[in-house]
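Close look at the chain arrangement
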Amino acid sequence: GDSVTQTEGLVTLTKGLPVMLNCTYQTTYSPFLFWYVQHLNEAPKLLLKSSTDNKRTEHQGFYATLHKSSSSFHLQKSSVQLSDSALYFCALIGANTGKLTFGHGTILRVHP
Amino acid sequence: EAAVTQSPRSKVAVTGGKVTLSCHQTNNHDYMYWYRQDTGHGLRLIHYSYVADSTEKGDIPDGYKASRPSQENFSLILELASLSQTAVYFCASSAYRDGSERLFFGHGTKLSVL
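Presented here is a report on the structure given in the accompanying data block. (Residues numbered from 1 in each chain as written. Chains lettered and ligands numbered in written order. Predicted model: local features only at pLDDT ≥ 70, side-chain atom pairs only at ≥ 80, totals over all residues. Heavy atoms only, no water.)

Comments concerning the overall build of chain A
Secondary structure summary: chain A contains zero helices and 12 strands in total. The order of α-helices and β-strands along chain A, N terminus first, is β-β-β-β-β-β-β-β-β-β-β-β. C-alpha extents for chain A along the principal axes are approximately 45 × 30 × 20 Å. In chain A, buried positions account for 47% of the 112 residues. Within chain A, counting contacts between residues at least 6 apart in sequence, those at least 24 apart form 54% of the total. When the accessible surface of chain A is totalled, it reaches about 5,400 Å², and 51% of it is carbon and sulfur. Averaging the positions of the 9 positive and the 6 negative side-chain charges in chain A gives two centres separated by 3 Å. (Helix = DSSP H or I, 4+ residues; strand = E, 2+ residues; numbered from the N terminus. Buried < 20%, exposed > 50% of the residue type's maximum accessible area, 1.4 Å probe, protein only. Contact = heavy atoms within 4.5 Å. Areas by Shrake-Rupley, 256 points an atom, 1.4 Å probe, with all protein chains shown as cover. Lys, Arg positive; Asp, Glu negative; His and termini not counted. Charge placed at Lys NZ, Arg CZ, Asp CG, Glu CD.)

Here you go:
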């Protein structure tokens, strides 16, 4: 079945530094990948979704590129802010099932 | 903005009791989902549905039933609640056509089983 791997459980950074959150996946079919963000006591919300292979997508300063050759969709930002502190999920939708499979999530903590 | 409403927002249940969590969407979406989130962890799919009167098992269906009586409503039923089912439950809906559509989540139901 489909699977998503996020290798970092917790990332702690100082404001203004760059960040990359890792996401790799396994699926039999051509994938759509997503990044969802969940702030404390809120529902998850869509942050980014993948475009075509090797094309970068951007939203709110975050960006990610789907690389089918390495089965990856890493999330990056050049300068993190305090408000970026949240739980970030990478997710994959099964093209033939409609099931969205989430990774375990990465907590990003940004301090002053 | 698409709307997904869950009720109740929180619930305390006794072990062995029956619990029903309700979800209502006004998005005219075909797909609806129930996810479970344990503290600080990822979302795991319990059941989902792509048409009224039909449900599908997700990745962790044991101990849960689902019901989709109409396009708008999707319920999650715990016939015999157990301590291990203490978690936050999220309902979501999606238009889903080719897989590129986003999910819209409800605010979650915090369930505590004592």
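A few points about the interface of chain B and chain A
With 21 residues of chain B at the interface, the matching set in chain A holds 22 residues. Across the chain B to chain A interface the summed buried area is about 1,800 Å²; carbon plus sulfur atoms make up 58%. Inspection of the region where chain B meets chain A yields zero salt bridges. Between the two partners, chain B and chain A, sit four residue pairs in polar contact (both at pLDDT 80 or more). Elements that contribute at least two residues to the side of chain B that touches chain A include exactly strand S4 (31-37) and strand S5 (43-51) of chain B. (Buried area = accessible area lost by both parts, 1.4 Å probe. Salt bridge = Lys/Arg side-chain N within 4 Å of Asp/Glu carboxyl O. Polar contact = N/O pair within 3.5 Å; in protein donor to acceptor, adjacent residues only side chain to side chain.)

With respect to the sheet that holds strand S8 (residues 73-78) of chain B
Residue and element names in this part refer to chain B. On the basis of which strands lie adjacent, the open sheet formed by four strands has the order S1-S3-S8-S7 and antiparallel pairing. Both edges of this open sheet fall to strand S1 (4-7) and strand S7 (65-67), since each of them pairs with a single strand only. Averaged over all pairs of adjacent strands, the angle between their axes in this sheet comes to 20°, without regard to strand direction. Both S1 and strand S3 (residues 19-25) contribute to a ladder of four bridges, which runs antiparallel. (Pairing = 2+ DSSP bridges. Axes fitted to C-alpha atoms, helices over the stretch in contact; angles between N-to-C directions.)

What to know about the packing of aromatic side chains
Counted according to the given criterion, the structure contains 15 aromatic pairs over all chains. Here the aromatic rings of Tyr31(B) and Tyr50(B) are separated by 5.9 Å at their centres, their planes lie at 40°, and the arrangement is tilted. Pair noted here: Tyr31(B) is in strand S4 and Tyr50(B) is in strand S5, with a separation of 19 residues, a long-range link. Judged by its relative accessible area of 39%, Tyr50(B) falls in the partly exposed class. Feature note: the residues Phe34(A), Tyr36(A), Phe89(A), Phe102(A), Tyr31(B), Tyr33(B), Tyr35(B), Tyr48(B), Tyr50(B), Phe90(B) and Phe105(B) constitute an aromatic cluster, connected by ring pairs. In this structure, Arg56(A) packs its charged tip against the face of Tyr63(A), placed 3.7 Å from the ring centre. (Phe/Tyr/Trp six-rings, centres within 6.5 Å; stacked < 30°, edge-to-face > 60°. Lys NZ or Arg CZ within 6 Å of the ring centre and 35° of its normal.)

Considering the pairing of strand S6 (residues 45-49) of chain A
All names here are of chain A. Note: strand S5 (residues 32-38) against S6, four bridges, orientation antiparallel. Residue pairing for S6: Val37 is matched across the bridge by Lys45. Linking two consecutive strands that pair antiparallel, namely S5 and S6, is a turn of six residues; a positive phi of about 60° is found at Asn41 within it.

Quick notes on the sheet that holds strand S9 (residues 75-77) of chain A
All names here are of chain A. A sheet is described by the order of its strands in space; here four strands give the open sequence S3-S9-S8-S7, paired in antiparallel fashion. Two strands lie at the open edges of the sheet, namely strand S3 (19-21) and strand S7 (56-59), each paired on one side alone. Within the sheet, the average angular offset between the axes of one strand and its neighbour, ignoring direction, is 20°. The sheet contact formed by strand S8 (residues 62-65) and S9 spans three bridges and is antiparallel. Along S9, the bridge assignment pairs Ala64 with Leu75.

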